[in-house]
Structure formats: structure tokens, C-alpha cells
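Results of the structural survey
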Amino acid sequence: MNKLAARTCIISIAILVVVVVVVEYYHVSYGVLPSLHPENLRTDDVQQSSPPSGVTEQQVQRQPNSTDSGDGGATQEATLATLISRNRATGQLNYDIWKLIVGFLVDDLRIKRDFPHKPTTRSTADSLKVVFNEYAGDSHHLGMYGHRMYGVLYPPTTGEYSFIVELTQVSCACSVEFWLSTDTDPRNSRKLLAAEVPFMISRDVPAARISDVVRLNSNSAYYFEFLEKAFNGMVVSDVKWRTPLENKFISIPPSSFAAAAEFDKATGQYVESPMATALLGPLPTLVLQSHRRTNFVGDTVFPITPIDVLPLCEFKPEYVSKHHVPLYHGIYEVFDSTVYPPDETWFRKGTNPDTGNAAIDQQVMYLNSPLSLLTHEMQVASNVIELYKKAFEGAKIGGEVVGLHYMEQTKNKGSGSRFLLEMDIKLKDGLVHTSEFVYLPNDNKLCHLSNFQWTPNVDVYLVVSLKNLGEWVKHLCNNLEDLYAQTHDDHFELVVVDYDSQDMDVESIMKNSALKRWKYIKKSGPFSRSGGLQAGIDYVKNPNSVVMAIDMHLTLPVGYVEYIRRHTVQGKMGYAPQFFRLDPGFTEININGFWEYNTYGIFALYKSDWTVVGGFDVVKYTTKWGGEDWELLDRTVAKGIEMYRLRHPVVIGKWRVNNTADCLQEGTNT
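The rules behind these values
Residues numbered from 1 in each chain as written. Predicted model: local features only at pLDDT ≥ 70, side-chain atom pairs only at ≥ 80, totals over all residues. Heavy atoms only, no water. Helix = DSSP H or I, 4+ residues; strand = E, 2+ residues; numbered from the N terminus. Buried < 20%, exposed > 50% of the residue type's maximum accessible area, 1.4 Å probe, protein only. Contact = heavy atoms within 4.5 Å. Areas by Shrake-Rupley, 256 points an atom, 1.4 Å probe, with all protein chains shown as cover. Pairing = 2+ DSSP bridges. Salt bridge = Lys/Arg side-chain N within 4 Å of Asp/Glu carboxyl O. 1 Å grid on protein atoms, 1.4 Å probe; cavity = no way out; pocket = protein on both sides within 12 Å on 5 of 7 lines; lining within 4 Å. Points joined across faces, edges and corners; volume = space filled by probe spheres on them. Nonpolar A, V, L, I, M, F, W, Y, C, P; charged D, E, K, R; others polar. Phe/Tyr/Trp six-rings, centres within 6.5 Å; stacked < 30°, edge-to-face > 60°. Expected span 1.5 Å × (residues − 1). Polar contact = N/O pair within 3.5 Å; in protein donor to acceptor, adjacent residues only side chain to side chain. Disulfide = S-S within 2.5 Å.

Helix and strand content of the chain: 12 helices and 34 strands. Buried positions account for 53% of the 670 residues belonging to the chain. Excluding contacts between residues fewer than 6 apart, the proportion of contacts in the chain whose partners are at least 24 apart in sequence is 77%. Within the structure as shown, the chain displays about 29400 Å² of accessible surface, and the carbon and sulfur contribution to it stands at 53%.

Think of a sheet as strands paired side by side through backbone hydrogen bonds, with each pair either parallel or antiparallel. Strand order across the open sheet formed by 6 strands is β16-β23-β22-β21-β20-β17, with mixed pairing between neighbours. The sheet is open, and its two borders are formed by β16 (312–313) and β17 (338–340), each paired with just one other strand.

The final tally for this structure, using the stated rule, is 23 salt bridges. Ionic pairing is found between K474 and E471, a salt bridge with its closest N-O pair at 3.6 Å. Of the two residues, K474 and E471 are both situated in helix α6 (residues 470–487); the distance of 3 residues between them amounts to about one turn of the helix. Like E471, K474 is buried. Put simply, R581 and D551 hold a salt bridge, and the shortest N to O gap is 3.3 Å. Of this pair, R581 sits in strand β30 (residues 578–582) while D551 sits in the loop between β27 (546–549) and β28 (554–555); the two residues are 30 residues apart in sequence, bridging distant segments of the chain. Assigned by exposure class, R581 and D551 land together as buried.

What follows deals with empty space enclosed by the protein. Gaps left between atoms show up when a probe the size of a water molecule is rolled over them. One pass over the structure, following the stated rule, counts 6 cavities of 30 Å³ or more. Its volume calculated, the largest cavity comes out at about 60 Å³. Looking at the lining of the largest cavity, its residues break down into 4 nonpolar, 1 polar and 4 charged.

On to the packing of aromatic side chains, then. Throughout the structure, instances matching the rule amount to 18 aromatic pairs. With a centroid separation of 5.7 Å and 55° between ring planes, the pair formed by F315 and Y439 is classed as tilted. Of the two residues, F315 sits in the loop between β16 and β17 while Y439 sits in strand β22 (residues 430–441), which places them 124 residues apart along the sequence. Of the two residues, F315 and Y439, both sit in the buried class.

We now examine α6. In a regular helix each residue adds 1.5 Å, so 18 residues correspond to 26 Å; α6 covers 26 Å between its end C-alpha atoms and thus fits that length. Among the 18 residues in α6, 15 count as buried, and that is most of the element. Looking one or two residues beyond α6, the residue adopting positive phi is H488, at roughly 55°.

Bringing the environment of V561 into the picture now. Along the chain, V561 turns up in helix α9 (residues 560–565). Accessibility expressed as a relative area gives 2% for V561, which makes it buried. Distance from V561 to H491, taken between C-alpha atoms, is 8.9 Å for residues 70 residues apart in sequence. Here V561 is in contact with V460, L483, D489 and F492, once residues within four sequence places are set aside.

Note that S337 resides in the loop between β16 and β17. Engagement of the side chain of S337 in a polar contact is seen with the side chain of T410, the distance being 2.8 Å. Once residues within four sequence positions are removed from consideration, S337 is found in contact with A358, Q409, T410, Y644, R645 and L646.

Turning to helix α8 (residues 529–539), a few remarks are in order. By the criterion of burial, α8 is predominantly enclosed, with 9 of the 11 residues buried. Tucked inside the fold, the buried residues of α8 contact β24 (460–466), β25 (492–498), β26 (518–522), β27, α10 (607–613) and α11 (628–638).

A few words on the state of the cysteines. Under the defined criterion, the tally for this structure stands at 1 disulfide. The partner cysteine of C313 in its disulfide is C447, sulfur to sulfur 2.0 Å. Around the S-S axis, the bridge from C313 to C447 shows a dihedral of about 80° and counts as right-handed. Of this pair, C313 sits in strand β16 while C447 is found in strand β23 (residues 447–449), placing the two residues 134 residues apart along the sequence. For the pair C313 and C447, one class covers both residues: buried.

In this structure, N444 is a non-glycine residue whose phi angle is positive, near 65°. Considering the arrangement of structural elements, one finds N444 in the loop between β22 and β23. Of note, the phi angle at N457 is positive, near 60°, even though the residue is not glycine. Take N457: it is sitting in the loop between β23 and β24.

In C-alpha cells:
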């Protein structure tokens, strides 16, 4: 018996050693036991309803990730799989926050150029419950807040599950989405839940959405994302599930989830961040769009001298003169022009339209009717086009006027009208575009203005003054990068005057941008909008360049730089367009707002004219905000310079926020 017992003991020890060796082998190789290794995990498909509307199977494609290396998806999948196996049920989630993002729709996060990368902060969370409160902590940032929480779910048992996004203490506008993958691969995710609380909802009314039933396996792991965008108030959101073991919805316990990307608290960075399912499907389209052609950069210039088509004449405006203008009275000497054809500047808000550009043709429905039915304005527009066509045909240079893109009319009191004509002309060498100012006096003899024409390819400098608006600098740089990518216009430059911002390194933002031309000017002391803008104007030395002071919170359309050129004439005319101001919480994909009728925050003149006018009054308006634009307009009009005024389609002004105590004390950025 003793020998048998000894032999049994030896065998048991040998078996134990083998088990330890095997376990250690898998621990070293994979960090887990064999049954938990990703290759051994079952990945049963999630049984659920069809994908959300607007997203097809073909559209569900992986988007580039800024952290991907040379082997692309393979590296990410291997890293994520290893991490999931190593971090099973850690009770931690990845938590990315974006601040200063206007709007309350999740789509407002999607249209952010670098989303889902480069969040304002990166951290971890131990719960799927999020308390958003504008009135706590850094309220100026939280008022425009969005988050992306993601990780991996580990179901406690196999069976049917339902999910709910519970929204309580709602006193803001917000929206949420919950995405769940069929396995650990983010690319296989589908949107299970979406909930939206618009501005019209009653305050503090709970809102919830319940998903379709999905079947999950206890031996499987499932990638998920929880996205939320909130604006201006408070909301408590919580993702809950109903398991096969429960007959009610409960909070998902930490024992059932883990982070999907390893987070280094020391550096505040992820080792590897998986692709965001939030980018699946087409991006939302802009609501306020322009069908007018605005991108003419790179087109063939009309290769005919004006005298070959129209006789020359001089423009002598009766509404412009050098005279004294009382304080803040210059606005009464600026008159809107009219347009043809009617553009997209009319916006209906409620039951009443917000007035857009007045049309030369107010009866467009009669366009194919007898001339007698047309209004006088329509007769004027048709007359100008026909006169130009006849002049072109009479020049006998071959070709024809194909069509009119756009016409703008400025009435010269009782003596006639000035027109900006933008047309396509077909010549034997191809189609060319012409844009010129013409004049139609009362004797009906159309002529080309010899002393009033815009200059192609002139350098345009866009100047902004700011403090602690780093997120808006990124927005502006991204906007101008997109503009350049589509126009390849090498003749514009961004000039940023920064009053020692502390929120972000503004100069680094500009250095890391793809802008071809930019200038960073750092100033100290209290913030001064007038002082900063004037410093940017002083930086420009070429008197034959155009300098435009612009608002920080604008979104500019493609072709806008060219539009500035076409509406500034050296020594004759500056440009101060109206733009569409969005109401708080609304964005380009969710339009509501109004035209800024009285603001002159966008102001363009040739540098030589800035010198003549004297620029901004940096003494009277050192740190004072309000009135500096109107006072500048007074002196401009007094010098006999016309200020051109139109509502420009798709120039969007986003809701402004004072995001730091410094700005509140020292002046407000505009």
C-alpha cells in the first residue's frame, strides 16, 4: 500500500506540474486561459432588426484611424483582440469628451472634421451612467458637450437581451445613440438605439428608448459604443439592459464590461483606439445650401479686352460722397443690392420667412409668359442679358453667350443701375467664364465700367482676434483647409492675433494645420478685439491686397475668398456681407436662426483703403466690445468708399459663447 500510495502521489504531482506548465504557457502567450483566448471565443451573430435608415451594408465600411500603422486593420484587430482577452471584465470603459461643439444632435459630432480622433479629454469610466450638467464645473465648456463611451460587453448568461437608454432630469436638448457589434470587431456594429430630446420638450420629463431583442452568448464578447450630444442644460443618461435572468432593466454592472482601448493615465493617451462606429454610413448633409456656382478659381479668364464687346464708360455713383457722418449713422448710408435669379437666402422660421436678398425678378413663375406679364424688374434683368448678347454677337469674335450664372443690381438713384454679371461664354477654344461690372444708364446703352472692376488673384488676408478660443481656431483652420483643398487658391492667408491664450497652444494648432499661408501674432495684456484686428491689418504691407476682419465663429463656403475679391474695388468699394446667425444649439445640419442685419463684424477693404480710413479706433475701443464696427463704417462712408451689402448664402455664424472668465472680464470675442 505504501508503494502504491507513493506511486499515486508521484503521478499526481507530475500531472499538477504539467497543468501548471500549460497554464503558464498560455498566460505568457495570451495572458488568459485557453478557453478565454479570442480564437476560442464564440462570436454568435446578434439577432436584431435591420440597420438604421440611410445606412446600407455597402456603406458600413471601416474609416481610417489616425493611430493605425502600416498594417492597418490587422494591427488594430490583433491589438484589440489581445486587449479584450487581457482586460476581460475590468469594470473600466473608454471615455472621450469633446467640448465647445455646438448643437444637440450626435450628427453634430460626426461633422466635426477630426472626430472621432482628438477629443478634448480622454479618460476612463466605471459606469455607463453619465451626468451632464451645464451649471456645474466648467460650465462654459459643458454647455456645448459631447461624449463617446466605448468598450466590450461580457454577457453573464446566454439568451435574449434588451437595452434601454434612460434619460432623466432632462432640462436641455440632447440626443444619444447606442451601437453594438456582433462580436469584438467594431466594423460589425449596428445602431440598436437612438433617442432625441429637442428644444420643445417639457422640462424634466424622462425620456427612454428600448431596443429590439438581441441574442447574446455568455462565451462571447461584444464591442459597443455609447454616443451623446447635449446642449445648454442638464440630463442624466444611463444605458441599461434586461438580461434573461431579470424581468426589469438594470444598470450594466462593472463585472460585465471592459475597456476596448488601453489607457495610459500618465500620458493621457490610448495605446490603440479602435475605429468609431459613429462614422458608419453617409455624413449628414447641410440644410442651408447654395445652388449658385461659387468656385471659379482656376477657370479660364475671359481672354477678350472689354472694348471688343462693350463700349467703355465711367461709374459715378450718386449715393457716395465725402462728407461728415455722425457717430453710428453710417449704417443709414449702406443699401442692399438685388439679385437674379432668386437665391437661397430666404429662410422660413415658423410661419414667417426671414427676409433674404431681394430679387430683381419677383415674379419668376412668369418666366415663360409673354413679356407684358413680367414685372419691370424682370424686364430689366432680361434687357441686360439681351443687350450683352447682342453686343457679343456684334463684336464678331466667334462663339456665343451660353448662359447667366448670377446678376447683382445696385441702383444709382435715378440715373441707371450697376450690374455684376457672371456668365459662361463659349469660344472656339472652349468654355470660359466672365465676371465684370457693367452699367446701364437710362438711355439703355450697356457699357463696361473702366474705373470700377475687381482684380483677379489679388491676395486676401483673413484676420481674427481672440483669446482662449483654441477650439474655434481649429474649426477655422479646418474650414480653410477644406476651402483650399477644393479651390487650390494660393492667394489667401489666415492671420491670427492671440492674446496669450491659456486653453490651447494656438500657434501649434496653426503649425499642425495644412494651411499653406498663415501668420501667428502673440499679444499680451487684456483682450482687445479692435487692437487685435488692427495688429493683423498692420501686418499686411502690400497696399494692393485685400484685408478682411472676420468673426471667429463663422463657417465659410467654398469659393468665399473669390467672392471677397469680386466685391472689393480698390479706392471705390469695400465688402461687409450679412451672414446667417444660428440660434443656440443649432448647426449647419439643423438650421434655425436669423440674418444678422445690423452687424458689420465682417469687413473687407484694400489695405490702401484701410490706411485712408484709419483702421479700428484702438483707443476708444481698447477693451470695449460693441460699436467699433459701426464707428469704422462711419469713417469709411465719410471717405467716399461704398460698402457693398448682401446676404451671402451658406456663410454661417454659429452661436457665440464666452468660454472663459478672462473673456467675460476683459471683453467678448465676436
